[in-house]
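Report on the structure
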Amino acid sequence: LSGNYTLHHNGDSKTAITELRRSLPALIILCEDYPPPGSVQVLREIKQDPTLKNIPLVYIADTDNFTALAKIKMMGITAVFIKPYNRSKLLQTI
């Protein structure tokens, strides 16, 4: 992806939210295996923030746990990809 897009990686949720507010990206890709407090908490913070809540968000999941993914989808994400995902489908979604 980095050949076609500018990517920003953040190691913790506080830095990520601050950086997202500063840069206001066109798209957010959030991985399920995000460090504590975890991807669900980061997703909540994004969706509660007036400046970030309408940015499209793609969620990359490590598991196909239907119950967990249903909760994530209800939080307003744009798309979900389960690892291993099809790179061309991800690029189509972006």
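This one's a predicted model, so the numbers in the text were calculated from it and none came from an experiment.

Turning our attention to the pattern of salt bridges. All chains considered together, the criterion is met by three salt bridges. Across the salt bridge formed by D49 and R21, the nearest N and O atoms sit 2.5 Å from each other. In this pair, D49 sits in the loop between α2 (39-48) and β2 (57-61) while R21 sits in helix α1 (residues 13-23), placing the two residues 28 residues apart along the sequence. With its nearest N and O atoms 3.0 Å apart, the salt bridge here joins D62 to K83. Of this pair, D62 sits in the loop between β2 and α3 (66-74) while K83 sits in the loop between β3 (79-82) and α4 (87-93), placing them 21 residues apart in sequence.

Here we come to the packing of aromatic side chains. Here the distance between the centres and the angle between the planes together describe a pair of aromatic rings. Overall, the coordinates contain one aromatic pair when judged by the stated rule. Between F81 and Y85, the aromatic rings sit 6.1 Å apart at their centres with planes inclined by 65°, giving edge-to-face as the arrangement. What makes Y85 partly exposed here is its relative accessible area of 35%.

Cis peptide bonds are those with omega within 30 degrees of zero, and the linkage from K83 to P84 qualifies with -10°. Examined against the element boundaries, P84 turns out to sit in the loop between β3 and α4. A positive phi angle, close to 40°, is found at L24, a residue other than glycine. Inspection of the secondary structure assignment puts L24 in the loop between α1 and β1 (28-31).

Looking now at the sheet that holds β2. Pairing is parallel in the open sheet, where three strands are placed in the order β1-β2-β3. Single-partner strands in this sheet number two, and they are β1 and β3. This sheet shows a mean twist of 20° between the axes of neighbouring strands, independent of strand direction. Of the strands in this sheet, β1 and β2 are in contact with α2, which crosses β1 at around 155°.

Definitions and cut-offs
Residues numbered from 1 in each chain as written. Predicted model: local features only at pLDDT ≥ 70, side-chain atom pairs only at ≥ 80, totals over all residues. Heavy atoms only, no water. Salt bridge = Lys/Arg side-chain N within 4 Å of Asp/Glu carboxyl O. Helix = DSSP H or I, 4+ residues; strand = E, 2+ residues; numbered from the N terminus. Phe/Tyr/Trp six-rings, centres within 6.5 Å; stacked < 30°, edge-to-face > 60°. Buried < 20%, exposed > 50% of the residue type's maximum accessible area, 1.4 Å probe, protein only. Pairing = 2+ DSSP bridges. Axes fitted to C-alpha atoms, helices over the stretch in contact; angles between N-to-C directions. Contact = heavy atoms within 4.5 Å.

Bear in mind that shape data such as this cannot, by itself, settle questions of function.
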